[in-house]
Amino acid sequence: MRRLVFLIVSMAIITPSIAQTKDQGRSEITVSATSSVTAEPDIAEFRISIIARQQQATMAFKSYVKTCNALQASLRSVVDSTKLMTDNLLVTPFFDYKKPDRVTPEYYQVRASMSLSVPIPDLNKALGSITSVEGVTIDGIQFRAKYPEKLELKALDQAVKQAREKAESISRLEGMTDLRVKSMNTTTSRPPIMPMYAAMSVDAAAPSVNASSVSVSATVNVTYTAESK
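Computed from a prediction, not measured in an experiment: that's the story for all the values here. Starting from 1, residues in each chain are numbered consecutively following that chain's sequence as written. Totals for whole chains, interfaces and linings use every residue, but because this is a predicted model, local features are given only for residues with pLDDT of at least 70 and side-chain atom pairs only at 80 or more, for both listing and counting. Hydrogens and water are ignored here; the side-chain numbers use all heavy atoms of the structure.

Caption draft 1: Expanded view of the packing of aromatic side chains. Centres within 6.5 Å make a pair out of two Phe, Tyr or Trp rings, where for Trp the six-membered ring is used; the pair is then stacked when the planes are under 30 degrees apart, edge-to-face when over 60, and tilted otherwise. Inspection of the entire model under this criterion finds 3 aromatic pairs. Measuring from centroid to centroid gives 5.7 Å for Phe61 and Tyr64, while their planes differ by 50°, and the two rings are tilted. You can see Phe61 and its partner Tyr64 sitting in helix α2 (residues 57–75), 3 residues apart, about one turn around the helix. Using a 1.4 Å probe on the protein chains alone, a residue whose accessible area is under 20% of its type maximum counts as buried, one over 50% counts as exposed, and one in between counts as partly exposed. Residue classification places Phe61 among the partly exposed residues on the basis of a relative accessible area of 36%. Assessed through its relative accessible area of 7%, Tyr64 is described here as buried. A ring is scored as having a charge over it whenever the NZ atom of a lysine or the CZ atom of an arginine sits within 6 Å of its centre and within 35 degrees of its normal. Above the face of the Tyr147 ring, Lys150 is positioned so that its terminal group lies 4.9 Å from the ring centre. Numbered from the N terminus, helices here are DSSP runs of H or I no shorter than four residues, and strands are runs of E no shorter than two.

So, in structure tokens, the structure goes:
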């Protein structure tokens, strides 16, 4: 029994040294690579706001509702107006602090932030419908791909291949073989794409926008081990 215990303890001590022996003679190679993929956008995302101001809160809200209904009616011929989503709605009193009476507001403001996504073929139709409604402001337009994950995977695949090619070149120059991945870190980015505005036509209610390409970048940092000859 004592001999069996001794053998078990001996095996526990010897195992780490065997693993260490296998790693002896191997060197590390760390490389990085970045790849970008571009594609035509599929969707345009509008950021819209409506601001209404009146001396009474109820009148300000009625003014907002009137503008909102006009916007929905204008968009109805282009897209499903139910896709116009309200992200935030605020009713705020504003005071003139220069006056001694700070109890009665000078006016009330109703502000609503909205978002709308439309297919790229409907971009300029939607833009014309929105700008035709008085009291509506376009805060920005961003373009994106319908399936950005596919672009990320493509960019990542290219970056990994580039990193492998770099490591293989280094290993050949240094006379090393048996290249193996030890660790890998990856990052991807999708910067927002803002529109390129074309020259406005004579009719200011019918502007045109050229959609820019969307891009996705992927960066990999890879550490390989290689056996020295």
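Caption draft 2: Looking closely at the environment of Lys150. Its place among the elements puts Lys150 in helix α4 (residues 148–173). The spacing of Lys150 and Val216 is 66 residues in sequence and 9.8 Å in space, taken between C-alpha atoms.

Caption draft 3: The packing of α2 against helix α3 (residues 123–131), seen in detail. The axes used here are C-alpha line fits, helices contributing only the stretch in contact, and every angle between their N-to-C directions lies in the interval 0 to 180 degrees. Look at α2 against α3: their axes get within 9 Å of each other, and the N-to-C directions meet at 150°. Classified by the angle their axes make, α2 and α3 are roughly antiparallel. As α2 packs across α3, the resulting crossing turns out to be right-handed. Between α2, through Leu71, Ser74 and Leu75, and α3, the contact on the second element is made entirely by Ala126, Ser129 and Ile130. Classification used: nonpolar for Ala, Val, Leu, Ile, Met, Phe, Trp, Tyr, Cys and Pro, charged for Asp, Glu, Lys and Arg, polar for all others including Gly. Each residue belonging to the contact of α2 with α3 can be placed in one class, and the counts come to 4 nonpolar, 2 polar and no charged. The scheme is simple: roughly parallel for angles under 35 degrees, roughly antiparallel for over 145, roughly perpendicular for 65 to 115, oblique for anything else. Take the far helix as the reference: if the near one is turned anticlockwise from it by less than a right angle, the crossing is left-handed, and if turned clockwise, right-handed. Whether two residues are in contact is decided by their heavy atoms, any of which lying within 4.5 Å being enough.

Caption draft 4: Main features of α2. For α2, spanning 19 residues, the distance from its first C-alpha to its last is 27 Å, which sits close to the expected 27 Å at 1.5 Å a residue. Along α2, the residues classified as buried are Ala60, Tyr64, Thr67, Cys68, Leu71, Ser74 and Leu75. Summarising the axial view, the buried residues of α2 lie within an arc of 125°, below the 170-degree limit, and thus occupy one face. For α2, exposure combined with an orientation more than 90 degrees from the buried face picks out Thr58, Lys62 and Lys66. Each element contacted by the buried residues of α2 is listed here: β2 (43–54), β3 (85–94), β4 (107–119), α3 and β5 (136–144). By this rule, a helix spans an expected 1.5 Å times one less than how many residues it contains. Note: the arc covers the axis-to-C-beta directions of the helix.

Caption draft 5: How the structure looks around the sheet that holds β2. Whether two strands pair depends on DSSP finding at least two bridges between them. With antiparallel pairing, 4 strands are arranged side by side in an open sheet as β3-β4-β2-β5. Among the strands making up the open sheet, the edge pair consists of β3 and β5. Going across the sheet, the axis of each strand differs from the next one's by a mean of 15°, ignoring polarity. Pairing analysis gives 9 bridges linking β3 to β4, with the strands arranged antiparallel.

Caption draft 6: Structural detail: the environment of Val110. Position of Val110 among the secondary structure elements: in strand β4. Taking the relative accessible area as the measure of exposure, Val110 reaches 0% and is therefore buried. Sequence separation of Val110 and Ala57 is 53 residues, and the distance between their C-alpha atoms is 8.0 Å. If near-sequence neighbours (up to four positions away) are discounted, Val110 is found in contact with Ile50, Ile51, Ala52, Ala60, Phe61, Tyr64, Leu89, Leu90 and Val91.

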